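Here is how the chains run, residue by residue.
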Amino acid sequence: MDKDCIIGRYLKLGNGLMTGKCITSDKNIKVRTCQVDSWCPIEQSRPPLNGITPLLLGTQDFTVLVKNSIEFPEFGVAYQRRNILESATNTYLQKCLYHPKTDPYCPTIRIGDIVNFANENYNNVGLTGAVFSIQINWDCSFDWGKTMKDCLPKYSFSRKDNPKAILSPGFNFRSAIYHEENRRTLTRNIGLKFIIEVEGEGRKFDSTKFILAIGASMGLFAVVCYLTSFELTFSTMSHPMTVIFVFN
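Residues numbered from 1 in each chain as written. Predicted model: local features only at pLDDT ≥ 70, side-chain atom pairs only at ≥ 80, totals over all residues. Heavy atoms only, no water.

1. A look at the overall build of the protein
To keep it simple, the criterion reads: Helix and strand definitions here come from DSSP, where helices need a minimum of 4 consecutive H or I residues and strands a minimum of 2 consecutive E residues; each element is numbered from the N-terminal end. Only protein chains enter the accessibility calculation, which uses a 1.4 Å probe; a residue is then buried when its area is under 20% of its type maximum, exposed when over 50%, and partly exposed in between. Whether two residues are in contact is decided by their heavy atoms: any pair within 4.5 Å suffices. The Shrake-Rupley method, run with a 1.4 Å probe, gives the accessible areas here. Residue values count only the displayed protein chains as cover.
Along the backbone of the protein there are five helices and 11 strands. Burial analysis of the protein (248 residues in total) assigns 23% to the buried set. Within the protein, contacts between residues separated by at least 24 positions form 54% of all contacts whose residues are at least 6 apart in sequence. For the protein, the exposed surface amounts to about 18,400 Å²; the carbon and sulfur share of it is 58%.

2. Observations concerning the confidence of the model for the protein
Short version of the rule: Each residue carries a pLDDT score, the predictor's own confidence in it, on a scale running from 0 to 100.
Per-chain confidence: the protein averages 82 in pLDDT, with 81% of residues scoring 70 or above. Per-element confidence in the protein ranges from a low mean pLDDT of 44 for helix α5 (residues 240-247) to a high of 95 for strand β8 (residues 153-159). Across residues 241-248, confidence stays below pLDDT 50; counting only partners more than four residues off in sequence or on other chains, it has two contacts.

3. Some details on the nonpolar core
What counts, and what does not: We call a set of buried residues a nonpolar core when its members are Ala, Val, Leu, Ile, Met, Phe, Trp, Tyr or Cys and they connect through side-chain atoms within 4.5 Å of each other.
Formed by 25 residues in total, the largest nonpolar core has its most connected members in Phe72, Phe132, Phe142, Met148, Cys151, Phe157 and Leu192. Of all the elements in the fold, those that place two or more residues in this core are α2 (111-117), α3 (122-128), β7 (130-141) and β8.

4. Considerations on the packing of aromatic side chains
What counts is decided by this rule: The criterion for an aromatic pair is that two Phe, Tyr or Trp rings (for Trp, the six-membered ring) have centres within 6.5 Å, with stacked assigned to planes under 30 degrees apart, edge-to-face to planes over 60 apart and tilted to the rest.
Evaluated as defined, the whole model comprises seven aromatic pairs. Here the aromatic rings of Tyr98 and Phe117 are separated by 6.0 Å at their centres, their planes lie at 85 degrees, and the arrangement is edge-to-face. One end of the pair, Tyr98, is in the loop between α1 (90-95) and β6 (108-110); the other, Phe117, is in helix α2, with 19 residues separating them in the sequence. Phe117 gets classed as partly exposed once you look at its relative accessible area, which sits at 28%. A relative accessible area of 4% places Tyr98 in the buried class.

5. Examining the state of the cysteines
Heads up, the condition is: Put simply, a disulfide is two cysteine sulfurs that come within 2.5 Å.
Taken as a whole and assessed by the stated rule, the structure comprises three disulfides. The disulfide that involves Cys5 links it to Cys34, with 2.0 Å between the sulfurs. Taking the sign of the S-S torsion, -80 degrees for the link of Cys5 and Cys34, the bridge is left-handed. Taken together, the residues Cys5 in the segment before β1 (17-24) and Cys34 in strand β2 (residues 32-37) connect sequence positions 29 residues apart. By relative accessible area, Cys34 is classed as partly exposed at 22%. One disulfide in the model links Cys140 with Cys151; its S-S distance is 1.8 Å. Torsion about the S-S bond of the Cys140 and Cys151 cystine: about 45 degrees, corresponding to right-handed handedness. Of this pair, Cys140 sits in strand β7 while Cys151 sits in the loop between β7 and β8, and the two are 11 residues apart along the sequence.

6. Some words on unusual backbone geometry
Residue Asn119 is not a glycine yet carries a positive backbone phi of 65 degrees. Positionally, Asn119 belongs in the loop between α2 and α3. Residues other than glycine seldom take positive phi values, yet Asn182 does so here, at roughly 65 degrees. Locating Asn182 in the fold gives a position in the loop between β9 (172-178) and β10 (184-190). Taking relative accessible area as the criterion, Asn182 reaches 67% and is therefore assigned exposed.

Structure representation (structure tokens):
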């Protein structure tokens, strides 16, 4: 009834504001529902292309060029570099493709390989989109004459969103272009989002700090010996039987 459809009222899972009229549903003539003021047609949450053909089909051969720079200022200004090796040329960057065994330092990565390295299927990902992480790890030791040229990146890949999510799975969002009054173009965007995560550790032996640590340790031992002697002397002076036991 009209009295049940309060003007201006809205439901959290609804599509607009109630107009105050109770009308026959356009989906089921046996059902009556509150008329709402909203954009038409009402959007339905269903995969594009009827969920049969992945919307991103054919994009797996696209590539991503990853650029990353790191530095270890604790060791000096010379301890900095990029993930693109100094020996790389324009020809090399145009032709190389990252592979953990055959070319582990190429910064050009095929999108399909990112999905495969994350143990995901590209056809499934292409239906709803997804969020992937590209991790770059720098584990560098500068001992025994090693320099920044010996500090090389290691790549790994993982999926960040939940592929088993029931509500709003994958990576997709809406954008609208508004024209004249009461008219707009609503677009649903589905794609792959890449998050670059970088972590690193640099190690280098410092003789000065080592000597200071040794000196501090020796000083601590001297203090401990002094305190022990003082405690023993005080204890033996307070207990005559202990004096006889110790020196007899």
